[in-house]
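Chain by chain, the residues run as shown.
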Amino acid sequence: MVEYAMIALAALSILLLIVSFFAKDELKRLEEQIDQLTVSLAQETYQMKKRLQVIEEELLIPERRRPASPRRGGALSPTDRRVLFLHKQGFPLDEIAQETGLTISEVERAIRRLQR
């Protein structure tokens, strides 16, 4: 009887050893999928950061041209957007003028015009 128990335990251990090899393959496949997902997520995050950096740089580039008068119901010029952005951030008028290349009186008029 003990001999049958030993043979059964040996057979069971061999069977479990074989099953463990197949289970590792499934885990390995899952790990590869997770790695691929992580890499693609990192690439997307990098691309988003680059796009955000470009947008931020566009906002920080001072315009050296005179602003065109804003069209009725139209979009604001880049200079007007910059003036409004800096004003909302709390910058003094002289710094806004220096940053945008406008005079202080032009900045004051632009702010009054844009806040209507």
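Parameters and conventions
Residues numbered from 1 in each chain as written. Predicted model: local features only at pLDDT ≥ 70, side-chain atom pairs only at ≥ 80, totals over all residues. Heavy atoms only, no water. Buried < 20%, exposed > 50% of the residue type's maximum accessible area, 1.4 Å probe, protein only. Helix = DSSP H or I, 4+ residues; strand = E, 2+ residues; numbered from the N terminus. Arc of directions from axis to C-beta. Contact = heavy atoms within 4.5 Å. Polar contact = N/O pair within 3.5 Å; in protein donor to acceptor, adjacent residues only side chain to side chain. Patch = residues over 30% accessible without salt bridge, like charges linked within 9 Å, V, L, I, M, F, W, Y side chains within 5 Å. Areas by Shrake-Rupley, 256 points an atom, 1.4 Å probe, with all protein chains shown as cover. Salt bridge = Lys/Arg side-chain N within 4 Å of Asp/Glu carboxyl O.

### Here we look at helix 4 (residues 104–114)
- Along helix 4, the positions that sit buried rather than exposed are Val107, Ala110, Ile111 and Leu114. Buried residues along helix 4 cover an arc of 100° about the axis, so they all sit on one side.
- Where helix 4 is buried, its residues meet helix 2 (78–88) and helix 3 (93–100).

### A few points about the environment of leucine 59
- Among the secondary structure elements, leucine 59 is positioned in helix 1 (residues 2–60).
- Since its relative accessible area comes to 37%, leucine 59 is described here as partly exposed.
- Sequence separation between leucine 59 and arginine 81 is 22 residues; the distance between their C-alpha atoms is 8.4 Å.

### As for helix 2
- Within the sequence span of helix 2, burial applies to Thr79, Asp80, Arg82, Val83, Leu84 and Leu86.
- Taken from the residues just after helix 2, glycine 90 is the one with a positive phi, measuring 95°.

### Some points on the side chain of threonine 100
- Structurally, the position occupied by threonine 100 is in helix 3.
- Polar side-chain contacts of threonine 100 include one of 2.8 Å to the backbone oxygen of isoleucine 96.

### Quick word on a nonpolar patch on the surface
- A cluster of nonpolar side chains, Val2, Met6, Leu9, Leu12, Leu15, Leu16 and Val19, forms an exposed patch at the surface whose accessible area comes to about 700 Å².
- As for its position among the elements, valine 19 is in helix 1.
- Judged by relative accessible area, valine 19 falls into the partly exposed class, the value being 45%.

### Quick word on the pattern of salt bridges
- Taken as a whole, this structure holds 2 salt bridges when the rule is applied.
- Here arginine 113 makes a salt bridge to aspartate 80, at a shortest N to O gap of 3.0 Å. Note that arginine 113 is positioned in helix 4 and aspartate 80 in helix 2, a separation of 33 residues in sequence.
- Overall, arginine 113 belongs to the partly exposed group, its relative accessible area being 30%.
- Classification of aspartate 80 by relative accessible area gives buried; the value is 0%.
- Close ionic contact of glutamate 99 with arginine 82 constitutes a salt bridge, the shortest N to O distance being 3.5 Å.

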